Amino acid sequence: MLELRHRGSCPGPREAVSPPHREGEAAGGDHETESTSDKETDIDDRYGDLDSRTDSDIPEIPPSSDRTPEILKKALSGLSSRWKNWWIRGILTLTMISLFFLIIYMGSFMLMLLVLGIQVKCFHEIITIGYRVYHSYDLPWFRTLSWYFLLCVNYFFYGETVADYFATFVQREEQLQFLIRYHRFISFALYLAGFCMFVLSLVKKHYRLQFYMFAWTHVTLLITVTQSHLVIQNLFEGMIWFLVPISSVICNDITAYLFGFFFGRTPLIKLSPKKTWEGFIGGFFSTVVFGFIAAYVLSKYQYFVCPVEYRSDVNSFVTECEPSELFQLQTYSLPPFLKAVLRQDFANTIPGHGGIMDRFDCQYLMATFVHVYITSFIRGPNPSKVLQQLLVLQPEQQLNIYKTLKTHLIEKGILQPTLKV
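Bear in mind the structure is a predicted one, so any value in this text is a computation, not a measurement. (Residues numbered from 1 in each chain as written. Predicted model: local features only at pLDDT ≥ 70, side-chain atom pairs only at ≥ 80, totals over all residues. Heavy atoms only, no water.)

## Comments concerning the nonpolar core
Point 1. If you look at the biggest cluster of nonpolar residues, it comprises 29 residues, and the most contacted ones within it are Phe-100, Leu-111, Phe-236, Ile-240, Phe-242 and Leu-243.
Point 2. Counting residues per element, the ones that place at least two in this core are helix 3 (81-106), helix 4 (108-134), helix 9 (207-237), helix 10 (240-263), helix 12 (302-305) and helix 14 (356-378).
Point 3. The greatest single-element share of this core, amounting to 6 residues, is contributed by helix 10.
Point 4. The residues touching Leu-243, leaving out its near neighbours within four places in the chain, are Phe-100, Ile-104, Leu-298 and Phe-304.
Point 5. Within the second largest apolar cluster, 16 residues are counted, among which are Phe-142, Phe-149, Leu-209 and Met-213. (Core = buried A, V, L, I, M, F, W, Y, C linked by side-chain atoms within 4.5 Å. Buried < 20%, exposed > 50% of the residue type's maximum accessible area, 1.4 Å probe, protein only. Helix = DSSP H or I, 4+ residues; strand = E, 2+ residues; numbered from the N terminus. Contact = heavy atoms within 4.5 Å.)

## Observations regarding the environment of Ser-333
Point 1. Tracing the chain through its elements places Ser-333 in the loop between strand 2 (316-318) and helix 13 (336-342).
Point 2. For Ser-333 and Asp-345, which are 12 residues apart along the polypeptide, the C-alpha to C-alpha distance reads 8.5 Å.

## With respect to the packing of helix 10 against helix 11 (residues 277-298)
Point 1. Closest axis-to-axis distance for the helix 10/helix 11 pair is 7 Å, and the angle between their directions is 150 degrees. Put simply, helix 10 runs roughly antiparallel to helix 11. The hand of the helix 10/helix 11 crossing is right-handed. Where helix 10 abuts helix 11, its residues Ile-240, Leu-243, Val-244, Ser-247, Ser-248, Cys-251, Asn-252, Thr-255, Ala-256, Phe-259, Gly-260 and Phe-263 lie against Glu-278, Gly-279, Gly-282, Gly-283, Phe-284, Ser-286, Thr-287, Phe-290, Gly-291, Ala-294, Ala-295 and Leu-298.
Point 2. Residues belonging to the contact of helix 10 with helix 11 are distributed by class as follows: 12 nonpolar, 11 polar and 1 charged. (Axes fitted to C-alpha atoms, helices over the stretch in contact; angles between N-to-C directions. Parallel < 35°, antiparallel > 145°, perpendicular 65-115°, else oblique. Left-handed = near helix turned anticlockwise from the far one by under 90°. Nonpolar A, V, L, I, M, F, W, Y, C, P; charged D, E, K, R; others polar.)

## A few points about the pattern of salt bridges
Point 1. Applying the stated rule across the entire model yields 1 salt bridge.
Point 2. Of the charged contacts, one joins Arg-184 and Glu-160 as a salt bridge, the two residues approaching to 2.9 Å between their closest N and O atoms. Of this pair, Arg-184 sits in helix 8 (residues 183-200) while Glu-160 sits in helix 5 (residues 142-165), and the two are 24 residues apart along the sequence.
Point 3. On the basis of relative accessibility, which here comes to 17%, the residue Glu-160 falls in the buried class. (Salt bridge = Lys/Arg side-chain N within 4 Å of Asp/Glu carboxyl O.)

## Points about the state of the cysteines
Point 1. All told, the structure shown has 1 disulfide when counted by the stated rule.
Point 2. A sulfur-sulfur separation of 2.0 Å characterises the disulfide bridge that pairs Cys-306 with Cys-321. Note on the Cys-306 and Cys-321 pair: the S-S dihedral is about -90 degrees, so by sign convention the disulfide is left-handed. Of this pair, Cys-306 sits in the loop between helix 12 and strand 1 (309-311) while Cys-321 sits in the loop between strand 2 and helix 13, placing them 15 residues apart in sequence. (Disulfide = S-S within 2.5 Å.)

## Looking at the packing of aromatic side chains
Point 1. Enumeration over the complete set of coordinates arrives at 27 aromatic pairs.
Point 2. Relative to Phe-211, the ring of Phe-198 lies with its centre 5.2 Å away and its plane at 85 degrees, an arrangement referred to as edge-to-face. Separated by 13 residues along the polypeptide, Phe-198 in helix 8 and Phe-211 in helix 9 bring together distant segments of the chain.
Point 3. Phe-198 gets classed as buried once you look at its relative accessible area, which sits at 5%.
Point 4. Ring geometry for Trp-241 versus Tyr-373: centroids 6.2 Å apart, planes at 45 degrees, classification tilted.
Point 5. An aromatic cluster is built from Tyr-148, Phe-149, Tyr-191, Phe-195, Phe-198, Phe-211 and Phe-214, whose rings are joined through pairwise contacts.
Point 6. In this structure, Arg-82 packs its charged tip against the face of Phe-261, placed 3.9 Å from the ring centre.
Point 7. For the cation-ring pair, Arg-89 lies above Tyr-257, with the distance from its terminal atom to the ring centre recorded as 4.1 Å. (Phe/Tyr/Trp six-rings, centres within 6.5 Å; stacked < 30°, edge-to-face > 60°. Lys NZ or Arg CZ within 6 Å of the ring centre and 35° of its normal.)

Below, the structure written as structure tokens:
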């Protein structure tokens, strides 16, 4: 239970506040004659004093409970806490990796649902930290508005994805055409409604804390929803852009823990006292080697390197293409001084986990980096997306584009001019 601590004689938010007796009024007299201004003063005093609290007055957040399954606790009861944590992390890691492989086998759509589920759980964990403090002040609507904004932002981003990658499907559905055409206006209207609800929830003399929590919600949305959208964008570019970054972070977590567990002696940073330099260095080199191996293996399969596209004729996602040169082995010559040093070619060298957010914070940062890398160095014009946009145009517009394109190809010498009879 969270406990409220008040300074002086300030009554708690849930305590009854009795007005002072006026001169000549009996103790059991009628209190209905109390003026409106007296009531407002009492409310202002209640919340105004709370807003001036110091950090020491804020309720402490209770420590998280141990959620280790009872069957594991009994099986590992004879081990020391160090080795017990080792086995718990190992068993749960193997379980999560197995489930991840299963979801990969089930296809792109299930991976998108996985990303959405992780996003919602991460949002819940971060927003709960703010709620535990905010709820103590007995102020309204914080959690409700937070989840409402989550729905609004997801509606915006997923609507953008549908408009980009499912244009041919949307063209066949009149209801969806309306939603896509006015998607951004609808998204803005939904957000504006949430902002109005926030303004209506403001309590006089207590604005600062409420705006803190409003900003907390938006930063949480930026961390979780925006970067989750980038993960899905990476997935549409090809599964390899989704799997290699994610599996590299997983590899780094596992190997850094292993090296630190067996060889760790030197503390890395005070923020995480259990992390060591040995674990950091071992995890770094292990991840580099794993990245080369994973990229080499996955690049041999169209299923992983081809962009994920929606085919309306089969009503499903497909990954069929001619792999680009990016995913074909290339031979590079090393500078002479490196050849002299190396004498070979590089091509021959090859619960104990915390919360969901603790496991996926690096994944979000990695997704942002991969998206920036793809858009800056990899992505080119997408013929499929251009064709989808052309099919949505009016017949007259399509005809004008056809004539312009035909003229351009004739000028380039790709097409022969038509002889007029």
